[in-house]
Amino acid sequence: MRRIGCVLLAVLLAAVPLWAQGAGRPERSKLVLAVGGKEALVYLPLTVAERLGYLRQTGIEIDIQNFAGGGQALRALIGGSADVVSGFYDHTIQMQAQGRDIRCFVMQQRYPGLVFAIARWAYDAGVRTYADLRGKKIGVTAPGSSTHFFTNFLMTRAGVPLTEFAVVGVGPGATAVAAVRNRQVEALSNVDPTITLLESSNEIVVLADTRSTNGTLRVFGGPYPAACLYATGEFIDRNPNTVQALTTAMVRALRWIRARKSVEEIVNLMPEEYYQGNRALYAKAVANMLPSYSPDGRMLEAGPANVLRVLAQFDPQVARARIDLGKTYETRFVEVALRQLRSGQ
């Protein structure tokens, strides 16, 4: 009877807004959350939080607006049409170099899950290395996105100036696959499930893969924290309870992912349109990405400095700026969320 009572209590609490369970009531009743390719697996924790009702339980009406890439989601925030972004941490550093106060407040990933590959048709035609991509087209999710940053970093490191190749926005899903198959791009910087789909059909040759610890260290020389929730410093300072509610929802989603004993449990939760017509391949892509997700929402200690080092190699504005990394992310909200969840709130 005691066990049944505990289960019933948990069910009842799940239906009660978080602020009514002990957290402060959110200052905002509504907000817009922009995401650069919601179907991409780098943002799977956001979809988990949505599908399990964790976002709804914040007591906030959240309008999730989906964009083709992180650059477009960031522009929505800067332009004032979005309040919060589900995007990559590296944008907070880039924005500080431009004099803007943007802060990450909960991590979704500890590794970026970015992959750079050459289209098989181009590889067979002799395009084998980064240097061979001079004068060629490289597909990214959207110009200004982190897949674009990844491309710039790899090409610069290989000695290819940014002026000697072209980037093309191809999105993170079916449009990216079509761009490779229709020979619109010779190479691709993208994420799962697109990469796993193209790998399985032998349509790409991977040159750089950051879906795992070893792959991330091999490419970046250290940790590279990636997908997170971020907002302007003004929004965070004015709406701490709102930010706390969002953070707690995301930490709950990360804990749920970590507790899964089967990839199928995660796949079953996702919208069928995310499968791109092949559920088995989607499940394989999720399995490939599982190591990349943060277990608790915390920022990796050595991550910010390494991201700054990487960005400075190809972005002269970042290289010239005096970046205060402590002002690019917040830790307080995640720590409160973890305490709340440990205490059963």
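Structure first, text after, so check above.
All of these numbers come straight from a predicted model, not from anything done at the bench. Position labels on residues start from 1 in each chain and follow its written sequence. Whole-chain, interface and lining totals are the exception, using all residues; otherwise, since this is a predicted model, local features are given only for residues with pLDDT of at least 70 and side-chain atom pairs are given and counted only at 80 or more. As a convention, hydrogens and water are excluded, and side-chain values are obtained from all of the structure's heavy atoms.

(A) Region of the structure containing the overall build of the protein chain. Every helix listed is a DSSP run of H or I at least four residues long, and every strand listed is a run of E at least two residues long, numbered separately from the N terminus. Each helix and strand in the protein chain was counted, giving 16 helices and ten strands. A compact globule built from 345 residues would reach a C-alpha radius of gyration of about 20 Å, and the protein chain, at 20 Å, matches this within 12%. The C-alpha extent of the protein chain, read off along each of the three principal axes, is 70 × 45 × 35 Å. Only protein chains enter the accessibility calculation, which uses a 1.4 Å probe. A residue is then buried if its area is under 20% of the maximum for its type, exposed if over 50%, and partly exposed in between. Taken over 345 residues, the protein chain has a buried fraction of 54%. Note on contacts: a residue pair qualifies if any of its non-hydrogen atoms lie within 4.5 Å across the two residues. Sequence-distant contacts, at least 24 apart, represent 80% of the contacts inside the protein chain between residues at least 6 apart. For the radius of gyration, the atom set is restricted to C-alpha positions; the globular benchmark scales as 2.2 Å times the number of residues to the power 0.38.

(B) Expanded view of the sheet that holds strand β4 (residues 102–107). What makes two strands pair is DSSP finding at least two bridges between them. Strand order across the open sheet formed by five strands is β2-β1-β3-β10-β4, with mixed pairing between neighbours. With partners counted over all chains shown, the strands left at the sheet margins are β2 (61–67) and β4, one partner each. The average angle at which neighbouring strand axes cross in this sheet is 30°, direction not considered. For strand β1 (residues 30–36) and strand β3 (residues 84–88), the ladder comprises three bridges, and the chain directions are parallel. Note that in β3 the partner of valine 35 across the bridge is serine 86. Angles here are taken between N-to-C directions and fall from 0 to 180 degrees, while the axes themselves are lines fitted to C-alpha atoms, restricted in helices to the stretch in contact.

(C) Molecular detail of the pairing of β4. Of all the six residues making up β4, six are buried; the element is thus mostly covered by neighbouring parts of the structure. Bridge analysis of β4 against strand β10 (residues 227–232) gives five bridges, and the strand direction is antiparallel. Residue methionine 107 lies in a different strand from β10, and its bridge partner there is cysteine 228.

(D) Expanded view of helix α4 (residues 90–97). Taken across its eight residues, α4 has eight buried, putting it largely inside the fold. The set of residues buried in α4 consists of Asp90, His91, Thr92, Ile93, Gln94, Met95, Gln96 and Ala97. At the exit of α4 stands glycine 99, carrying a positive phi of roughly 85°.

(E) The arrangement of the packing of aromatic side chains in detail. Two rings from Phe, Tyr or Trp (for Trp, the six-membered ring) form a pair when their centres are within 6.5 Å of each other. A pair whose planes differ by under 30 degrees is stacked, one over 60 is edge-to-face, and the rest are tilted. This model, assessed by the stated rule, comprises nine aromatic pairs. Aromatic pair phenylalanine 150 and phenylalanine 220: ring centres 5.7 Å apart, planes at 50°, arrangement tilted. Of the two residues, phenylalanine 150 sits in helix α6 (residues 146–157) while phenylalanine 220 sits in helix α9 (residues 213–220), which places them 70 residues apart along the sequence. Like phenylalanine 220, phenylalanine 150 is buried. Feature note: the residues Phe150, Phe153, Phe220 and Tyr224 constitute an aromatic cluster, connected by ring pairs. For arginine 128, the ring lying beneath its charged end belongs to tyrosine 123, and the centroid distance is 4.3 Å. We count a charge as sitting over a ring when the NZ of a lysine or the CZ of an arginine lies within 6 Å of the ring centre and within 35 degrees of the ring normal.

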